[in-house]
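Coordinate analysis (summary)
Letter by letter, the chains look like this.
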Amino acid sequence: MTPEAARAIEADCAKLVARYANLNDAARWAELANLYAEDGRMSRPTAPDDWITGRATILAAFLARPARTTRHICSNVVIDVIDADHAIGESAMLLFTGDGAPKVGSFHDRFIRTDAGWRFAERRGSLTF
């Protein structure tokens, strides 16, 4: 793989991280769920060992949430390319909800290239404090 190809994968996956935060804050759940591979899975930072598996189930989980205003700030995004179809990443997350102190945590991601482009194969959140 050329350095340019690796950088393109890194950029595509980093964009997925940012798009996820923006769609989450806009409550655009169908678009957010579409960022996952069909069989992708996620765990929320507040429940890092409680996996939600499958795009349809992920969408249902977001639709079931009570409405709230949020702002996710993601930074320190580092993407490591495994091969032309797989990458992993880590990012720091700061969540503001207007209810109490902000939450600080991180996401550990596995990315996969699909026919529709790069998607989350797995997104595991965790809280630091």
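Now for a description of the structure that goes with this document.

Scoring rules and cut-offs
Residues numbered from 1 in each chain as written. Predicted model: local features only at pLDDT ≥ 70, side-chain atom pairs only at ≥ 80, totals over all residues. Heavy atoms only, no water. Helix = DSSP H or I, 4+ residues; strand = E, 2+ residues; numbered from the N terminus. Expected span 1.5 Å × (residues − 1). Buried < 20%, exposed > 50% of the residue type's maximum accessible area, 1.4 Å probe, protein only. Pairing = 2+ DSSP bridges. Contact = heavy atoms within 4.5 Å. Polar contact = N/O pair within 3.5 Å; in protein donor to acceptor, adjacent residues only side chain to side chain. Axes fitted to C-alpha atoms, helices over the stretch in contact; angles between N-to-C directions. Salt bridge = Lys/Arg side-chain N within 4 Å of Asp/Glu carboxyl O.

Here we come to helix α1 (residues 3–25). In this model, α1 (23 residues) spans 33 Å end to end at C-alpha, consistent with the 33 Å of a helix rising 1.5 Å per residue. Of all the positions in α1, only A6, I9, C13, L16, V17, Y20, A21, L23, N24 and D25 are classed as buried. Two residues or fewer past α1, A27 is found with a positive phi of approximately 55 degrees.

Moving on: the pairing of strand β1 (residues 36–43). The pairing of β1 with strand β6 (residues 117–127) spans four bridges and is classified as parallel. Residue pairing across strands places Y36 opposite F120, the latter belonging to β6.

Here the focus is the environment of R55. With respect to the secondary-structure elements, R55 resides in helix α3 (residues 55–63). As for R55 and T70, which are separated by 15 residues in sequence, their C-alpha atoms are 22 Å apart. Excluding its chain neighbours within four sequence positions, the residues that come into contact with R55 are A33, N34, Y36, A37, E38 and G40. For R55, the side chain forms a polar contact with the main-chain oxygen of Y36, separated by 2.7 Å. Among the polar contacts listed, one links the side chain of R55 to the side chain of E38, at a separation of 3.0 Å.

So, on to the sheet that holds β1. Across the sheet, six strands lie side by side as β2-β1-β6-β5-β4-β3; this open sheet has mixed pairing. Edge strands, defined here as strands with exactly one partner in the open sheet, are β2 (52–53) and β3 (71–83). The strands that α1 touches are β1, β3, β4 (86–96), β5 (103–114) and β6; relative to β3, the one it contacts most, it runs at about 150 degrees. Strand contacts of α3: β1 and β2, with the helix running at about 45 degrees to β1, the strand carrying the most contacts.

Taken as a whole and judged by the stated rule, the model has nine salt bridges. E31 serves as the salt-bridge partner of R28, at 2.7 Å between the closest nitrogen and oxygen. For R28, a relative accessible area of 41% gives the class partly exposed. E31 sits in the partly exposed class, given a relative accessible area of 39%.

Here we take up the pairing of β3. Pairing analysis gives ten bridges linking β3 to β4, with the strands arranged antiparallel. Across the sheet, residue V81 finds its bridge partner in β4, namely A87. Counting the residues that bridge the hairpin from β3 to β4 gives two residues.

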